[in-house]
Each structure stands twice: as structure tokens, then as C-alpha cells.
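Breakdown of the fold
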Amino acid sequence: MTIFNFSAGPAVLPKAVLQQAQAELLDWHRTGMSVMEMSHRGKEFMSIAAQAEADLRELMGIPSNYKVLFLQGGATQQFSMVPLNLLRGKASADYLNTGIWSEKAITEAQKFCRVNVVATGAANGFSDVPKMATWQCDKNAAYLHITPNETIGGVEFDSLPACGDVPLVADLSSTILSRKIDVAKFGLIYAGAQKNIGPAGLTIVIVREDLIGHAPVGTPTMLDYQTHADNDSMYNTPPTYGMYIAGLVFTWLKQNGGIAAMEQTNIAKANLLYAAIDNSADFYRCPVAKNYRSRMNVPFKTRDASTDAEFVKQADARGLLQLKGHKLAGGMRASIYNAMPIEGVQALVNFMQEFAAAN
Ligand SMILES: *Cc1c(COP(=O)(O)O)cnc(C)c1O
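A quick note: this is a predicted structure, and the numbers were derived from the prediction, not measured. Residue numbering note: each chain is counted from 1, following its sequence as written. Reporting of local features is limited, given that this is a predicted model, to residues whose pLDDT is at least 70; pairs of side-chain atoms are given and counted only at 80 or more, and all residues count toward the totals for whole chains, interfaces and linings. Excluded from the side-chain calculation are hydrogens and water; included are all heavy atoms of the structure.

Moving on to the site of the ligand. With respect to spatial proximity, the complete set of residues near the ligand consists of Gly74, Ala75, Thr76, Phe79, Trp101, Asn149, Thr151, Asp171, Ser173, Ser174, Gln194 and Lys195. Polar contacts here mean pairs of N or O atoms no more than 3.5 Å apart (in protein, one a potential hydrogen donor and the other a potential acceptor; neighbouring residues in sequence count only if both atoms are side-chain atoms). A distance of 2.5 Å is found between an oxygen atom of the ligand and a side-chain nitrogen or oxygen belonging to Thr76. Here an oxygen atom of the ligand sits 2.7 Å away from a polar atom, N or O, in the side chain of Lys195. Computed on the free molecule, the ligand has an accessible area of 390 Å², of which 86% lies beneath the protein chains in the complex. A run of H or I in DSSP becomes a helix once it reaches four residues, and a run of E becomes a strand once it reaches two; helices and strands are each numbered from the N terminus. A per-element tally of the shell around the ligand places helix 3 (residues 74-86) first, with 4 residues. Residue polarity is assigned by list, with Asp, Glu, Lys and Arg as charged and Ala, Val, Leu, Ile, Met, Phe, Trp, Tyr, Cys and Pro as nonpolar; anything else, Gly included, falls into the polar class. Among the residues forming the shell around the ligand, the class breakdown is 3 nonpolar, 7 polar and 2 charged. Throughout, near means a residue has at least one heavy atom within 4 Å of the molecule or strand. Residue exposure ignores everything except the shown protein chains as possible cover, and the areas themselves are Shrake-Rupley values with a 1.4 Å probe.

So, about the packing of helix 3 against helix 4 (residues 100-109). All axes here are fitted lines through C-alpha atoms, helices being fitted over the stretch that makes contact, and every angle between N-to-C directions spans 0 to 180 degrees. Contact geometry for helix 3 and helix 4: axes closest at 9 Å, N-to-C directions at 45°. Accordingly, the angle class assigned to the pair helix 3 and helix 4 is oblique. For the element pair helix 3 and helix 4, the recorded crossing hand is right-handed. Where helix 3 abuts helix 4, its residues Phe79, Ser80 and Pro83 lie against Trp101, Lys104, Ala105, Glu108 and Ala109. Residues of the contact of helix 3 with helix 4, tallied by class, amount to 5 nonpolar, 1 polar and 2 charged. Our angle categories are set so that under 35 degrees counts as roughly parallel, over 145 as roughly antiparallel, 65 to 115 as roughly perpendicular, and the remainder as oblique. Less than a right angle of anticlockwise turn of the near helix away from the far helix marks a crossing as left-handed, whereas a clockwise turn marks it as right-handed. Every residue pair with non-hydrogen atoms within 4.5 Å of one another is taken to be in contact.

For salt bridges, the criterion is a side-chain nitrogen of Lys or Arg within 4 Å of an Asp or Glu carboxyl oxygen. In this structure the tally under the stated criterion is 13 salt bridges. Note that Glu44 and Lys43 form a salt bridge whose closest N and O atoms lie 3.5 Å from each other. Each residue's exposure class comes from its accessible area (1.4 Å probe, protein chains only) as a fraction of the maximum for that residue type: buried when under 20%, exposed when over 50%, partly exposed otherwise. A relative accessible area of 68% places Lys43 in the exposed class. Between Asp278 and Arg293 there is a salt bridge, and its shortest N-O distance comes to 2.9 Å. Residue Asp278 is located in helix 7 (residues 258-278), and its partner Arg293 is located in the loop between helix 7 and strand 11 (297-300); the two are separated by 15 residues in the primary sequence. Look at Arg293 and you get buried, because its relative accessible area is 14%.

Quick look at the domain arrangement of the protein chain now. What counts as a domain boundary in this text is fixed by an automatic or database domain assignment. Domains assigned within the protein chain are domain 1 (25-255) and domain 2 (258-358). Between the C-alpha centres of domain 1 and domain 2 there is a distance of 27 Å. Each partner contributes residues to the interface: domain 1 has 26 residues there, and domain 2 has 24 residues. Once two parts are joined, some of their accessible surface, as seen by a 1.4 Å probe, is lost; buried area is that loss totalled over both. Buried surface at the junction of domain 1 and domain 2, summed over both partners, amounts to about 2,100 Å²; 57% is from carbon and sulfur atoms. Counting every contact that joins domain 1 to domain 2 gives 0 salt bridges. Run the count over domain 1 and domain 2 and you get 13 residue pairs in polar contact (both at pLDDT 80 or more). Within the side of domain 1 that touches domain 2, the residues separate by chemical class into 10 nonpolar, 9 polar and 7 charged.

The next subject is the pairing of strand 13 (residues 332-335). Side chains Met332 and Ala334 of strand 13 all project onto a buried face; the interleaved residues Arg333 and Ser335 project onto the opposite face, where all are buried too. Note on pairing: two strands pair once DSSP finds at least 2 bridges between them. Relative to strand 13, strand 11 runs antiparallel, the two being bridged by 4 bridges. Within strand 13, the position partnered with Pro299 by the bridge is Arg333.

Laid out in C-alpha cells, this is it:
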């Protein structure tokens, strides 16, 4: 049976990457060592880290005045590191609220400063993104934080506000590398690796250099971007194996046409799945407004919770795994990150049609 894994994260990785990791597990490039056993300061691992960074820079077109940091602590730790480092003496920061992950970032930032919520999708149950013309941005804000893809709600947007000198900060955990973005428009980007990059335990931060070095006195060393920027992410032991796998994923992306090609496939995959939902005579419903439907995380429901549970159970038996929705959302969620082949989405759509016909 062919298995397709729709987990929201940790999520599916490209099979070719896992096979290469398997082949190199015991002996990396005739060193006689596993990558897991290498000193992070040895020439072998230093070359793995340098290549991973170079490949990510090439894939995303990261300008030279940005640092790429390989950290730990997940995207969740960035909810605190961003205000700690980027407030720069200012009293408040702007946040757009598009759902559960935005709210977590907001709640954490409130420990450090006054948070001005520029707009919220709460009134519409976070089924869309408030129109940019309605955002109440503060030109004195330290930064504006957005979550361009809400992994739980399945809400995605790609238009960026013009916020003058206010740096734009984005949690790209579940959309990084899935579509083209212009890094130069952002002050800081962060992403936990376990959705579209690699295994859990690695967090990538891409930060404009002038935003580094402003953490207040008393900031824990490990929470200061300066520490990591000054030490090429090797102030302490970095998540070496995660960086190695991420590097293999970057190579795989380059070999498969880069982000532009990935984006085209992702559009095709999302179109296929949303069409199956929309053409199901209301058997399946997606709560998200059409213009804001995520290409990465597709939430949907049937008429009731017991049918949803039956759907998940039967899908699982067919090798269509981890389709149960987030506990806060219920229903189903299909996460269709870069590593999910279109064949997996087609198999899901086939099953959805069969299940609808039988129920
Ligand atoms: C998964 C996720 C997080 C949390 O990431 P951790 O690595 O578990 O801290 C934060 N934001 C978004 C958008 C996510 O998808």
C-alpha cells in the first residue's frame, strides 16, 4: 500500500531525502562517521552547515545584508525573541490577528510591550483576512508582525502592507519555501523547520542586519540574535542533524526546479483538493473564504463529527494518514506541503469521492 502522510507537522519529507539520509546514516562521505556523531566545529560539519546556508540563500534570494540563523526553541521561542530583540526601546508593536498562531504571538508579545492589534479576523471566525485598508497601523510601532499562513485555520495571504520604516516580521513556519517571497520586504522572517524544511528541533531566522544588536541589557545570551549572528549559529551546539536534513531538502528543492516549480505544483495540488470539496454537493465544506484558502493546510468537514471520525478512520486504513483536524478546529485537515506529491492529493480526492458516494 502506498502511504501518503498529511500531517500538519512534523510532516512528510521528500522520500529521496530520507533515502539519502539512510544511505549516509552510518558513514557520511567516507568519513566513517554519522553526521550525528560529528563535532559541530569540525571541518565536515562546518561544510554541511555552510552548504545548507548557501543553498537556502540561493533558493530564497536572500540579500547579503540579512543573516540566516539556525536556532532551536521552535517558532514559539520566536514569539518572545522577536519583541525582546526588535522593540529597540519602543513602547509598542503592531500585530495582525488572523487566527490561533497570531494570537499566541500576541499573547507572548504582551509580556514585553503594548500590543496594537491592527486588525482581527475574529468577527468572521478567522475565515478570512481583514482587508488591508482597514488595518490600523501605528507609524511609531517597533515592527508589524503577520502570520501569512495560519496552519490551523488554513488561512493564507500573500499581499504585504507598505509600512514605511516599520519593519515587517513574519511567521512563515508553514509556508516558507512553498511560494516565492521577496525577502527584502521583511525585517525578519522565522519558521520552525518541521513543516516545510526538515525535522523538528531546528528553527530558521532570517533577519536584516540593522535589526540585530538591540536587545536590552539582561537579555539571556541565547535569546539575543547578536549571539547567534556573531557565532555563525554555533555559539553553542546547534541542532546538527536537523541542519543536515534541511540541507538535503534544499538540495532536493534545487534539483526539482526551486521554489518557482514548487509553487506551480502547490497551486495544482491545492486546486485539485479545493475543487473536490467545492464540487461535493455540500458533502464536504471548507470554512475559509476562497481568496484566503491556504495552499498548504486545507481544513474541511462533513455534516457531523461522527462522519468526520469515520472519514479519518477509513482514510487511515487506505494509507492516507494523519487527516484528523487540529483539536481546536475539529473535522479534517490535509496538509499538503512541498514534499507531498500530487499523487497523494489525487489519492485523497479519489477517496473523498468514494466516501461521499457511500455516505
Ligand atoms: C507550527 C507553528 C508554530 C509553532 O511551531 P513550534 O516549532 O512548535 O514552536 C508557530 N507558528 C506557526 C504558523 C506554525 O505553523
